[in-house]
Amino acid sequence: MLKKPLAILCTVLGLSGCAAVSPEVYRDQTPRLDLATYFNGPLTAWGYFADRSGEVKRRFTVRMTGEWQGNEGTLTEDFAWSDGTKSQRIWRITRIDAHRYVGRADDVKGTADGVAYGNALQWKYTLLLPVDGKTYEVQFDDWMYLMEDGVMLNKSEMRKFGFKLGEVVIAFRKGS
């Protein structure tokens, strides 16, 4: 008799653990994030990539410049990696409405879809990641949180076929 209720309870608890946080839960959080304001002008960021075990594999610094005209923005990111390599990504971002954004970059398959409420932004996209002469499609669930004093914290989870490959953590600071 106890097996069936226990199985149902485990199923319900298991499914509730899979529920994702919605950006709307941050609706009343401040400071309020406005992408066109925050990503306008120079920014600097520091971050790392850690594998699924949590071991930091690569660190980087990013110098960025954002430019906005109306609902259209361009964010140029110049990466300097801890192994001495350099790379660049140029985002073209469009504000769709008060909460939704679409982003494009050469190494993003299709579009990045963004939703912003309060101090938070969630981006979801597929990155074309080159590794040892091959290119892999990796899904990113990217969360940014605006803090006080021009600081933004960013945590991204990388997945392939639903399995976590690792995470990227970044701290942004407004200004050069």
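Residues numbered from 1 in each chain as written. Predicted model: local features only at pLDDT ≥ 70, side-chain atom pairs only at ≥ 80, totals over all residues. Heavy atoms only, no water.

### Here we look at the side chain of N154
Phase 1 of the analysis: Counting through the fold element by element, N154 comes out in strand 9 (residues 151-160).
Phase 2 of the analysis: For N154, the side chain forms a polar contact with the side chain of D142, separated by 2.4 Å.
Phase 3 of the analysis: Polar side-chain contacts of N154 include one of 2.9 Å to the backbone oxygen of W143.
Phase 4 of the analysis: Not counting chain neighbours up to four residues away, the residues in contact with N154 comprise D142, W143, M144, V168, V169, I170 and F172. (Helix = DSSP H or I, 4+ residues; strand = E, 2+ residues; numbered from the N terminus. Polar contact = N/O pair within 3.5 Å; in protein donor to acceptor, adjacent residues only side chain to side chain. Contact = heavy atoms within 4.5 Å.)

### Description of the nonpolar core
Phase 1 of the analysis: L35, F39, W123 and F172 are the most contacted members of the largest nonpolar core, which has 33 residues in total.
Phase 2 of the analysis: Beyond its immediate sequence surroundings of up to four residues, W123 is in contact with L35, I93, Y101, V102, G103, A112, D113, G114, F140, D141, D142 and M144. (Core = buried A, V, L, I, M, F, W, Y, C linked by side-chain atoms within 4.5 Å. Buried < 20%, exposed > 50% of the residue type's maximum accessible area, 1.4 Å probe, protein only.)

### Focus on the packing of aromatic side chains
Phase 1 of the analysis: Under the definition given, this model contains 11 aromatic pairs.
Phase 2 of the analysis: When the ring of F39 is compared with that of F172, the centres are 5.9 Å apart and the planes differ by 80°; the resulting orientation is edge-to-face. Taken as a pair, F39 in the loop between helix 2 (35-38) and strand 1 (41-51) and F172 in strand 10 (residues 163-174) lie far apart in primary sequence, 133 residues in all.
Phase 3 of the analysis: By relative accessible area, which is 4% here, F39 ends up buried.
Phase 4 of the analysis: On the numbers, 6.0 Å between centres and 20° between planes, the contact of W91 with W123 is stacked. Of this pair, W91 sits in strand 4 (residues 86-95) while W123 sits in strand 7 (residues 120-131), placing them 32 residues apart in sequence. (Phe/Tyr/Trp six-rings, centres within 6.5 Å; stacked < 30°, edge-to-face > 60°.)

### What to know about the environment of Y38
Phase 1 of the analysis: As for its position among the elements, Y38 is in helix 2.
Phase 2 of the analysis: For the pair Y38 and G175, spaced 137 residues apart in the sequence, the C-alpha separation amounts to 9.9 Å.
Phase 3 of the analysis: The residues touching Y38, leaving out its near neighbours within four places in the chain, are L33, L43, L146, G150, V151, M152, F172, R173 and K174.

### Comments concerning the environment of R27
Phase 1 of the analysis: Position of R27 relative to the elements: it lies in the loop between helix 1 (3-16) and helix 2.
Phase 2 of the analysis: Once you skip the residues sitting within four places of it in the chain, R27 turns out to touch Y117 and G118.

Take it as geometry only, folks, not as evidence of what the structure does.
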